[in-house]
Amino acid sequence: IEILPDRIIRITDSNDQKDYPCWNANGSMIYFCMATGTNWDIWRMDADGDNWRQVTFYPEADFMPDIKPSTGEMAWMSMRGVEGSYDIFHGFLIAEPPGNAVWEAPLTSDNDKCRAPAYANQVHGGYSLVYNRVYDPDDDGYGVPTIFLYSSTGGHVELTEGDNPAFTYDGRWIVYQNNDYEICKIATDGSGNPIKLTTGFTDTNPHVGWANDKIVFTRSGLNGYRGLCVINLDGTGFEVLLDQRWAQYDAAWSPDCTRIVFTGHRMSQFDIYVYEVP
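Note that the coordinates shown come from a computational prediction; the quantities given were computed from them, not determined experimentally.

Undergrad: Summarise the overall build of the protein chain; cite the residues concerned and give the values.
TA: Along the backbone of the protein chain there are zero helices and 24 strands. Expected size for 278 residues packed as a compact globule is a radius of gyration near 19 Å; at 18 Å, the protein chain falls within 12% of this value. For the protein chain, the spread of C-alpha atoms along the principal axes amounts to about 55 × 40 × 40 Å. Burial analysis of the protein chain (278 residues in total) assigns 55% to the buried set. Of the contacts formed within the protein chain by residues at least 6 apart in sequence, a portion of 38% connects residues at least 24 apart. Carbon and sulfur atoms form 47% of the exposed surface of the protein chain, whose accessible area is close to 12300 Å². Taking the average place of the 19 positive charges on the side chains of the protein chain and the average place of its 39 negative ones, the gap between the two points comes to 5 Å.

Undergrad: Help me get a handle on the pairing of strand β13 (residues 155-161), residues and values and all.
TA: Sheet topology note: the strand β12 (residues 144-151)/β13 ladder contains six bridges and is antiparallel. Within β13, the residue paired with S151 across the bridge is G155. The antiparallel hairpin formed by β12 and β13 contains three residues in its connecting segment.

Undergrad: Outline the pattern of salt bridges, supporting the account with residue identities and numerical values.
TA: A side chain with one charge can pair with a side chain of the opposite charge if their charged atoms come near. Inspection of the entire model under this criterion finds eight salt bridges. When the shortest N-O distance is used, the salt bridge between D163 and R115 registers 2.7 Å. Separated by 48 residues along the polypeptide, D163 in strand β14 (residues 163-167) and R115 in strand β10 (residues 113-124) bring together distant segments of the chain. Of the two residues, D163 and R115, both sit in the buried class.

Undergrad: Got a sec to walk through the side chain of D112? Specific residues and values, please.
TA: Tracing the backbone through its elements, the reader meets D112 in the loop between β9 (103-106) and β10. Despite its burial, D112 remains without a salt bridge, the nearest opposite charge being carried by R133 at 4.1 Å. Not counting residues within four places of it along the chain, the set of residues in contact with D112 comprises S85, Y86, R133, V134, Y135 and D136.

Undergrad: How would you summarise the packing of aromatic side chains if you had to cite specific residues and measurements?
TA: Evaluated as defined, the whole model comprises 11 aromatic pairs. Between W40 and F63, the ring centres sit 5.2 Å apart and the planes meet at 40°, which makes this aromatic pair tilted. On the criterion of sequence distance, the pair formed by W40 in strand β4 (residues 39-46) and F63 in strand β6 (residues 62-67) is long-range, its members being 23 residues apart. Neither W40 nor F63 differs from the other in exposure class; each is buried. Counting every residue linked through ring pairs, the aromatic cluster contains F32, W43 and W52. A cation over a ring is seen here: R133 above F148, with NZ or CZ 4.9 Å from the ring centre. A cation sits over an aromatic face here: R226 above Y249, 3.8 Å from the ring centre.

Undergrad: Any details on the sheet that holds strand β3 (residues 29-36)? Residues and values, ideally.
TA: The four strands are arranged β2-β3-β4-β5 in an open sheet whose pairing can be described as antiparallel. Each edge of the sheet is formed by a strand with only one pairing partner; in this case those strands are β2 (17-23) and β5 (53-54).

Undergrad: Just give me the short version of the sheet that holds strand β18 (residues 203-208), but keep the residues and values in it.
TA: Pairing is antiparallel across the open sheet formed by four strands, whose spatial order is β18-β19-β20-β21. The open sheet has two free edges, formed respectively by β18 and β21 (239-242), since each of these has just one partner strand. The mean inter-strand angle of the sheet, taken between neighbouring strand axes irrespective of direction, is 35°. Sheet topology places β18 next to strand β19 (residues 214-222); four bridges connect them, and they run antiparallel. Within β19, the position partnered with T204 by the bridge is T218.

Undergrad: Give a detailed account of the nonpolar core, specifying residues and quantitative values.
TA: Judged by nonpolar contacts, the single largest core of 20 residues is most densely connected at Y31, W40, I42, V55, F63, M74 and W76. Elements supplying a minimum of two residues to this core: β3, β4, β6 and β7 (74-78). By residue number, the principal contributor to this core is β3, which donates four residues. If we skip the residues at most four places from it in the chain, I42 touches Y31, F32, C33, Q54, V55, T56, D62, F63, P65, M74 and W76. Judged by nonpolar contacts, the second largest core, of 14 residues, contains W246, A251, C257 and I260.

Reading the values: the criteria
Numbers given for residues are sequential positions, taken from 1 along each chain in its written order. This being a predicted model, a pLDDT of at least 70 is required before a residue's local features are given, and a value of 80 or more before pairs of side-chain atoms are given or counted; all residues contribute to the totals for chains, interfaces and linings. Excluded from the side-chain calculation are hydrogens and water; included are all heavy atoms of the structure. Put simply, DSSP marks the helices as runs of H or I at least four residues long and the strands as runs of E at least two long, and each gets a number from the N terminus on. Atoms counted for the radius of gyration: C-alpha only. Globule rule: 2.2 Å times residue count to the power 0.38. Relative accessibility under 20% of the residue-type maximum defines a buried residue, over 50% an exposed one, and the middle range a partly exposed one, all with a 1.4 Å probe and only protein chains included. The criterion used for residue contact is that any of the two residues' heavy atoms lie within 4.5 Å. Note on areas: Shrake-Rupley, 1.4 Å probe, and residue coverage restricted to the protein chains presented here. Counting rule applied: Lys, Arg positive; Asp, Glu negative; His and chain ends not counted. A single reference atom marks each charge: NZ on Lys, CZ on Arg, CG on Asp, CD on Glu. Note on pairing: two strands pair once DSSP finds at least 2 bridges between them. One speaks of a salt bridge when a side-chain nitrogen belonging to Lys or Arg is within 4 Å of a carboxyl oxygen belonging to Asp or Glu. Stacked, tilted and edge-to-face are the three classes assigned to paired rings of Phe, Tyr and Trp, where Trp is represented by its six-membered ring and a pair needs centres within 6.5 Å; plane angles under 30 degrees give stacked, over 60 edge-to-face, the rest tilted. For a lysine, the NZ atom is tested; for an arginine, the CZ atom; a charge sits over a ring if that atom is within 6 Å of the ring centre and within 35 degrees of the ring normal. The angle between two axes is taken between their N-to-C directions and runs from 0 to 180 degrees, where each axis is a line fitted to C-alpha atoms and a helix contributes only its stretch in contact. Buried residues of nine kinds, namely Ala, Val, Leu, Ile, Met, Phe, Trp, Tyr and Cys, make up a nonpolar core once their side-chain atoms join them within 4.5 Å.

That is the geometry; function is a separate question.
Here it is as structure tokens:
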């Protein structure tokens, strides 16, 4: 009999590998990617785990979805396109109000590796999307991860070296992991130097709660596993949130910051879990 700790709810239960969960704009649905057979696609389900529906159908892998809060549009990373690279796509693959069409299009299309898109809630400086690009001109797997901003009018603008970026609620800051696996923030307009919020650990995949400006992130080595921690945007209030003796990672706040969805590797399965915040 499986007994989970208080406030942790497993909402999927299958042998298929799953990862990168995120919420839709009102917290009623969770999007995630899942490997079925030999390919990864993006799926969605109700927040309680019911009503699964496949969102992408393509022979190449689709990963890392994020939902635009104002429209329900989805951005994601896809390996379709140039062989050996991956790009950012966006579209309304399953229409949600106010979108009423099913379409998709690439936002990047080159030989670089583009991943980890994240939408802004409040657009600051015209930038509606942030993502990671890896320059790897020698194609040897040792490129430098770099964060880019995207504007429909200004195009793609390089911001700083780093990975797994996310906007704050007001759009004025980008939170990310630097190449030393420290959680940092930098002003969206590029003014000032990056500010380190954590150091001395292996910290990855930050996500900012839009209702509380708290950052949830993954820390390796908690009880010998990956676990979840939180810290305030100003660097105060650090707390270990989950340090179970099984892996918890790739977490995202719900829109109202009452729940955190994350990937868990437990009992030989990769599933999606929800943590109800006290």
